[in-house]
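# Close look at the chain arrangement
Residue-level listing of the chains:
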Amino acid sequence: MKKMSRYLLLCALLISAVCTRAETFSFVALGDLPYGSDDTAGVKYRALIAQINALNPEFSIHVGDFKAGSARCSDEEFARQRKHFDLFKGAVIYTPGDNDWTDCGRRSNGSYDPLERLTTLRAQFFKPTMSLGQTPLSVVTQAKVMPDFSTYIENQRWRFANTLFSTLHIVGSDNRFAPNSVDAEKEFVAREQANIAWIKETFRVAASQNVQTLIFAFQADVLRVMSRSGTLAETTGYHATIEKTLMPLAKGFKGAILIVHGDSHTFKFDQAFLFESQVLKNVYRLEVPGASTTAAVSVTIQEGNEKPFSVKEISVP
């Protein structure tokens, strides 16, 4: 019996080692695309998608703003961008940007009700357990696993190899933080609480599964309003989610973290996040290009490496 027990223990250890072995894989990140008319920007965007398909990444992540800020938020525009996601041969995971719903009340956007557009966005671009794309990926949605946040189908999580991915509904234009508007503030507070809960849940799952690498993806460039000491004032829409929740948990995480965002349209890869005036050496930032530049970024993850992330721009002339 003792020999059998030792044998079973050895088998369990071997299975665990296989399940957690370091792997190397690539995904594509993009956002703030397409900006412009379908005859010009749309053509280039479809060429970019073709390039991405040729690379055959494990999946792609679109970090929001599937149209320009001045473009109308019409049903036709939503349908056009939904068809673009259908062109990805692999899986594509999308998280909303401000242009996609929060700014839709502008006259240039068609004077839509932002909350109605958000409801439509959720219905057309998100599924309870699957990503978009021709070869969907199984995902866990906050709406399915956290009953208190049953509306937030856009907050998604999935694991590939020994890396855990999580999207957060954090958008530009200060995350629609508008204390002077009762309706906007109510929506903001509810979504902020959902994001905080999803961040905490992601770190809890990461710890329980002993993952080596974490990826968070959202639209907003929160660094634009961050002070030199790394603080985000309480008067911004990112204080509770980023400074008070994500950064402290990131500091305590033993592995590497990559934060992928858009919003500012400039390709950047660095270690720009601070906490308590100190650079978080385990946290990397990737800002995807976009707007007038039709480009994406191929991200390679070498799990277990001291510096596990490497990036390469994919562009269309």
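What this report covers is the structure whose coordinates are included nearby. Along each chain, residue indices are assigned from 1 in the same order as the chain's sequence is written. Where local features are concerned, this predicted model is filtered to residues with pLDDT of at least 70; where side-chain atom pairs are given and counted, the filter is 80 or more; whole-chain, interface and lining totals use all residues. Each side-chain value is worked out from all heavy atoms of the structure, with water and hydrogens disregarded.

### With respect to the nonpolar core
The criterion, for reference: By nonpolar core we mean a set of buried residues, namely Ala, Val, Leu, Ile, Met, Phe, Trp, Tyr and Cys, connected to one another through side-chain atoms within 4.5 Å. For every residue, the accessible area (1.4 Å probe, protein chains only) is compared with the maximum for its type, and the residue is labelled buried under 20%, exposed over 50%, or partly exposed between those bounds. Strands here mean DSSP runs of E at least two residues long; helices mean DSSP runs of H or I at least four residues long; both are numbered from the N terminus. Any two residues whose heavy atoms approach within 4.5 Å at even a single point are treated as in contact.
Judged by nonpolar contacts, the single largest core of 34 residues is most densely connected at F203, I242, L246, I257, I259 and F273. At the level of elements, α6 (182-209), β8 (213-217), α7 (239-252) and β9 (256-261) are the ones that each hand at least two residues to this core. With 7 residues, the single largest contributor to this core is α6. When near neighbours in sequence (up to four residues on either side) are disregarded, F203 contacts L214, F216, L246, L249, A250, F253 and I257. In this structure, F78, L118, F125 and A143 belong to the second largest nonpolar core, which totals 27 residues.

### Remarks on the state of the cysteines
Short version of the rule: Here, a disulfide means two cysteine sulfur atoms that sit within 2.5 Å of each other.
Tallying each qualifying case throughout the model produces 1 disulfide. Paired through a disulfide, C73 and C104 show a sulfur-sulfur distance of 2.0 Å. Between C73 and C104 the disulfide shows an S-S torsion of about -85°. By sign, it is left-handed. With C73 in the loop between β2 (59-62) and α3 (75-86) and C104 in the loop between β3 (91-94) and α4 (114-125), the pair connects residues that are 31 residues apart, well separated along the chain.

### As for the pattern of salt bridges
This is how the line gets drawn: Just to be clear on terms, a salt bridge is a Lys or Arg side-chain nitrogen sitting within 4 Å of an Asp or Glu carboxyl oxygen.
All told, the structure shown has 14 salt bridges when counted by the stated rule. One salt bridge in this structure joins D270 and R285, with 2.8 Å as the shortest N-O distance. Taken together, the positions of D270 in strand β10 (residues 268-270) and R285 in strand β13 (residues 283-287) put the pair 15 residues apart, joining distant regions of the chain. We classify R285 as buried; its relative accessible area is 5%. Two residues, R285 and E287, come together in a salt bridge whose shortest N-O distance is 3.5 Å. By the burial criterion, R285 is buried, and E287 matches it.

### A word on the packing of α3 against α4
To keep it simple, the criterion reads: With axes taken as lines fitted to C-alpha atoms, and helix axes fitted only over the stretch in contact, angles between N-to-C directions fall between 0 and 180 degrees. Here is the rule for angles: anything less than 35 degrees is roughly parallel, anything more than 145 is roughly antiparallel, 65 through 115 is roughly perpendicular, and the remaining ranges are oblique. With the far helix as reference, a near helix turned anticlockwise by less than a right angle produces a left-handed crossing, and one turned clockwise produces a right-handed crossing. Only Asp, Glu, Lys and Arg are considered charged, only Ala, Val, Leu, Ile, Met, Phe, Trp, Tyr, Cys and Pro nonpolar, and every remaining residue, Gly among them, polar.
One way to put it is that α3 packs onto α4 with a least axis distance of 11 Å and a crossing angle of 30°. When the axis of α3 is compared with that of α4, the two are roughly parallel. As α3 runs across α4, the sense of the crossing is right-handed. Seen from α3, the contacting residues are D75, F78, A79, Q81, R82 and F85; seen from α4, they are R117, T120, L121, Q124 and F125. Looking at the contact of α3 with α4 residue by residue, the class counts come to 5 nonpolar, 3 polar and 3 charged.

### Here's the deal with α3
In plain terms, the rule: Under the convention used throughout, the expected extent of a helix is 1.5 Å for every residue step, that is, one less than its residue count. Taking the helix axis as origin, the arc is that swept by the directions to the C-beta atoms.
Taking 1.5 Å of rise per residue, the 12 residues of α3 would be expected to cover 16 Å, and the 17 Å separating its terminal C-alpha atoms lies within 8% of that figure. Among all positions of α3, only E77, F78, Q81, R82, H84 and F85 are buried. For α3, the arc enclosing every buried residue in end-on projection is 155°, short of the 170-degree limit, so these residues lie on one face. Residues of α3 that are exposed and point over 90 degrees away from its buried face: E76 and K83. In this structure, the buried residues of α3 make contact with α2 (38-55), β2, β3, α4 and β4 (132-133).

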